[in-house]
Amino acid sequence: MKLEIENVSKTYRGNVEALRKFSLELGPGVLGLLGPNGAGKSTLMRILATITQPTGGWVLWNGTNIRYAPDKLRNVLGYLPQDFGIYPNLSAVEFLEYLAAVKGLEAASAHKRIGELLELVNLADAARRPLGGFSGGMRQRVGIAQALLNDPEVLIVDEPTAGLDPEERVRFRNLLSELAGERIVILSTHIVSDVEAVATDIALIAQGQLVVHGAPEALLAAVSGKVWEVVVPSHELPALRRDHLVSSTAHRNDGVHARVVADAAPRPEARALEPTLEDAYLATLAARRQRAAAEAVV
Amino acid sequence: MKARRVVYAIARADFLERVRRYSYLITLLFAVYLGYAAGTGRISLRLGDYRGLYTSAWIGAMVSMVATTFLSLVGFYIVKNAVDRDRQTRVGEILAATPLTKVPYLVGKFLSNFAVLVSMVGVLALAAVAMQFLAAEDRTFHAWALLSPFLFLTLPAMAMTAAMALLFETFRFLRGSFGNVLWFFLWSFGISLPVVTGLPQLDPSGLWTVYQSMAPAARAGIPGYVDKFSLTNADKAVRVATGFHWSGVEWTAEIVILRLAWMAVAFALVLCGAWFFDRFDPARSRRKPVARPRSEGAATAAGTAPEFPTARLPITTSSHITPLASGARHSGAWRLLIAELRLALKGYRWWWYAVAGGLLIAQLAAPLDVARGPLLAAAWIWPILVWSALGTREARFGTEQLIFSCARILPRQFPAAWMAGIIVAVLTGLGAAVRLALAGQHAGLLAWAAGALFIPSLALALGVWSGTSKFFEGLYTAMWYIGPMNRVPGLDFTGSASGPQASRHALLYLGGAAILVAAAFLRRARQLHGTY
C-alpha cells in the first residue's frame, strides 16, 4: 500500500501557484499535514482525492497514475472535504444509504455498516431525522461517517475537527488513531494539537512547498533545548515578542508567563521547557520566513 | 448623502461581481444574438402580412420591442440572484451585522439588476443602429426616432423586471424553482395585460403603446389591414408595406408620464420587498437554510438550528466497524437507480403525489384526445421541479466533492440520475401511454416515448452545463406553454399536436434527447477530470 506524490504542482488561473513541485511518499499510518492558511493543504487534499487535476507532476496509487485511472484510488478512498453539503430532506441514514449506493456498496453490508458508523459518530439517536435540522457539528459527524462507509484504505480528512465540540474532537482523534493500522490516513489541519495527538508522521507545508517531513520526534528534536519560559511584566511583553519567537503566553499573578523558542535563554532567569509540536511548528515556519527574507535581500 | 453612498457602494460591488463573471459574457452574447435575430428577420415586428420599411423609427420600435419582450423574460432569470449570491457566499451575514438597513441594500441590488439589464439593452441599441446601415432600406438616420423607444419603452420594462426579480428573492417561497416557473406565467400575463383588462394604461411592456401609435398609419397605408400586430419569428413570408409611413411614437406628456410611472412602480416593488426581506436572518425563514457545515455553527449559535439531544458515549470508545467483505464493494446498478429515484422524489408532500396520481387516473379515464392532450401536458409540468434538480443537485447542495470522489460516477451515477428522471416521466404520463397502446396508435406512442426521454435529457443537459435549475425551469415552462398547451406542432414534445407528423417529430425529439445526454455526459466527464 503506497501513495506517491511526485513533483506535484498546481497553478490556478491568474498564475496563482498553490503547489510547487510537492513530493511525498506515504505508507500506512497517519500523516499530519500542517501548514498556515493558504499553504496549499486543501489543494493537495483535492488532488489526492481525485477532485482536482495537478498542472504538473503525478500521484501514483500502488504504482498507478491516478490521472489516468482515478477509479483505482476512488474505490478505496474515503474523503472528508473541508467544505461539503448535504441533502436537507434526507435523514442521516438515507443520506449514507445514498452515498453507499453511489460508492457501489452491496446493500446488506452497507446497511450494517451505516448503523455501526452512526453509533460511532454518536448520531444513532438522530439517525432518522432530516439533515436540514442538523447543527454544524452534527453534519460534520455525518461527513466523517460517509468517509468511512467503504472501509477505505486511504482516508483523507481535511480540517475534520472544525465545528466539533471538544469532546467530539477527542473522540474523533481517537477514532483516527484506531483506524490508522493498515490504512493511509492523511489529516490536514492547522490545529497542531490534533496532529500531535494522532500523527505517526508529519509534513509541514508552506507556500505550496514541502518544508519538512518526518516523525514528530524528529521535529521535536530540532527544537530540543530551545524552548524557554520567561516571566515578564505585561508592559515588557511587546518587546519580548519583537525580539523572540513567543509561542504562547498566560497571565498569572506574578506576570506574564511567556513560552519562547530561542537558541539561547532569552533572559538569565529563563527556565528550559520540554518542547511541544506547536513550538517546533512555529520555529520551523519562522526559520523559513527568515531564510526567505534573507534570500530576498541578497 | 450617506444613504446614497451606501446604495452606490452596494450597486457597484454587485455589478462588478457580476460583470467579472464568465456568465456575464454569455448574457451579452444572448443580447447580440437577439440583435442578430432581429437584424436578419428571424424575429420581426409585423402588421398582418406586412412590415414597415427599415427606417430609424421602425427599427427602433422593433428592436426595442424585441429587447422588452425577450429580456424581460430571460433577463429575470439572469438577474434573479443578487440576494441569493450574498446568501450563498455568506456576505449577507456580514452585511446583516452592520448598521445597513433593508431599503438601501435592496435599492442597491435593484440598481445592479437594472444596470445588468441596461447593458444588454445597450448591446441591442447598438445592433439597431448597425441594422439600419446594413439593411440600407432608408439611409436617413434619425437618432431620436431610433433610440427613444429604448429610453421610454425598454428601460421602464427593464426596471420592472429588475424589481420583480428582487421581489421574488425576498419571498422565501418565490426564491427557488417555484418562482422561476411562476415568472413565465406572470410575464405572459404582463404582456397581455392591456388586452385582458381593456386598460391601455396597464402596459408594462409598452407593446400596446407602439401598436396604438402604428395602427392608424397602418390602416391608412396598408390595403386591407385588420389591426394585426405581432412580434413573431419568421415562419412565413412578409411583405414590405411601401404605403405605410410612420415616424415613430409621438412621445406626448401622457405617454411619457405613463412610462415613467412604471419606473415608480418598480421602485415601489423594491420598497415592498424590503418589508418582506428577512435580512439574512435564518430564524425568519420557516425552514432552515441549506448551508455548509462551517457556517452552520453561526446559525446554531443564534439558536436557529437546535442540536438534537444525543447520548454521550465515552471518549475512549472503540471503533467497532465490521470490515467490508471484498464482494460487498460491487452492488448492482438497480440499487443506485432506486437511490437516485428516492433522492429525486424525497421532500414532496402527500398532496404532490395525490395530484400526480389524480392526473394519472384522469389520463386513464378521459377520452383519448383529452388524455394525451391537456391531461398529459398537465402531468408533465407537475414534476418540473423533480427534473430541474437533475444535474444541478450536487452543485446546489455542495455535495460535488463527496460524489465526484467516488468511483465509476460516469458509468453508474450519471445514467442512474437520468433514468430516475425518465421513470418520473413514464410514471406520471403512463395513463396516456396505456391509452395510446390500447388504441393501437403506434406513432402517438412513439411520440409519447420521445417526450418522456426528451424532458429529463433537456433537464440533465441544462443542469450539468449551467449548474443551476433556472434555465431548465424557464425554458421548459416556455416550451410547455407554447407546445403542449397551445398545440404548436413541432414544439409539442408530447406529440399530440403533431398529427400525421407525429413520427417525424418523435424522431427529431429522440435525436435531440441523444444529443442533450451526450452533451451532459461530456460536461460531467470534464467536471470529473477536475478541469472545471
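Not measured: the values here are computed from a predicted model.

(A) A look at the overall build of chain A. Within chain A, the secondary structure is distributed over 10 helices and 14 strands. In terms of principal-axis extent, the alpha carbons of chain A reach across some 70 × 45 × 35 Å. In chain A, which comprises 298 residues, the proportion classed as buried is 49%. In chain A, once contacts between residues fewer than 6 apart in sequence are set aside, the share between residues at least 24 apart is 68%.

(B) Geometry of the overall build of chain B. A count of helical and extended segments in chain B gives 24 helices and four strands. Here the C-alpha radius of gyration of chain B, 26 Å, is about what a compact globule of 532 residues would show, namely 24 Å. Along the first, second and third principal axes, the C-alpha set of chain B runs to 90 × 70 × 40 Å. Relative to its 532 residues, chain B shows a buried fraction of 44%. For chain B, long-range pairs separated by at least 24 residues make up 79% of all intrachain contacts whose partners lie at least 6 apart in sequence.

(C) Geometry of the sheet that holds strand 2 (residues 16-26) of chain A. All names here are of chain A. An order of 2-1-4-5 is seen for the four strands of this open sheet, with the pairing classed as antiparallel. Because the sheet does not close on itself, it has two edges, and the strands there are strand 2 and strand 5 (64-65). Docked against the sheet, helix 1 (residues 41-48) engages strand 1 (3-12), strand 2 and strand 4 (56-61), running at close to 60° with respect to strand 2.

(D) Looking closely at the domain arrangement of chain B. Partitioning chain B into structural domains gives domain 1 (2-233 + 246-284) and domain 2 (332-528). Put simply, the middle of domain 1 of chain B and the middle of domain 2 of chain B, counted by C-alpha atoms, are 31 Å apart.

(E) Broad picture of the packing of helix 6 (residues 102-135) of chain B against helix 7 (residues 143-170) of chain B. All names here are of chain B. At their nearest, the axes of helix 6 and helix 7 sit 9 Å apart, and the two run at 150° to each other. As the angle between them shows, helix 6 and helix 7 are arranged roughly antiparallel. Crossing handedness for the pair helix 6 and helix 7: right-handed. Of helix 7, the residues touching helix 6 (which contributes Leu 106, Lys 109, Phe 110, Asn 113, Phe 114, Leu 117, Val 118, Val 121, Ala 125, Ala 128, Val 129 and Gln 132) are Leu 146, Leu 147, Phe 150, Thr 154, Leu 155, Met 158, Ala 159, Thr 161, Ala 162, Ala 163, Ala 165 and Leu 166. Grouping the constituent residues of the contact of helix 6 with helix 7 by class yields 19 nonpolar, four polar and one charged.

Rules used throughout
- Residues numbered from 1 in each chain as written.
- Chains lettered and ligands numbered in written order.
- Predicted model: local features only at pLDDT ≥ 70, side-chain atom pairs only at ≥ 80, totals over all residues.
- Helix = DSSP H or I, 4+ residues; strand = E, 2+ residues; numbered from the N terminus.
- Buried ≥ 20, exposed ≤ 12 C-beta atoms within 10 Å, placed from the backbone.
- Contact = placed C-beta atoms within 7 Å.
- Rg over C-alpha atoms; globule rule 2.2 N^0.38 Å.
- Pairing = 2+ DSSP bridges.
- Axes fitted to C-alpha atoms, helices over the stretch in contact; angles between N-to-C directions.
- Domains from an automatic or database assignment.
- Parallel < 35°, antiparallel > 145°, perpendicular 65-115°, else oblique.
- Left-handed = near helix turned anticlockwise from the far one by under 90°.
- Nonpolar A, V, L, I, M, F, W, Y, C, P; charged D, E, K, R; others polar.

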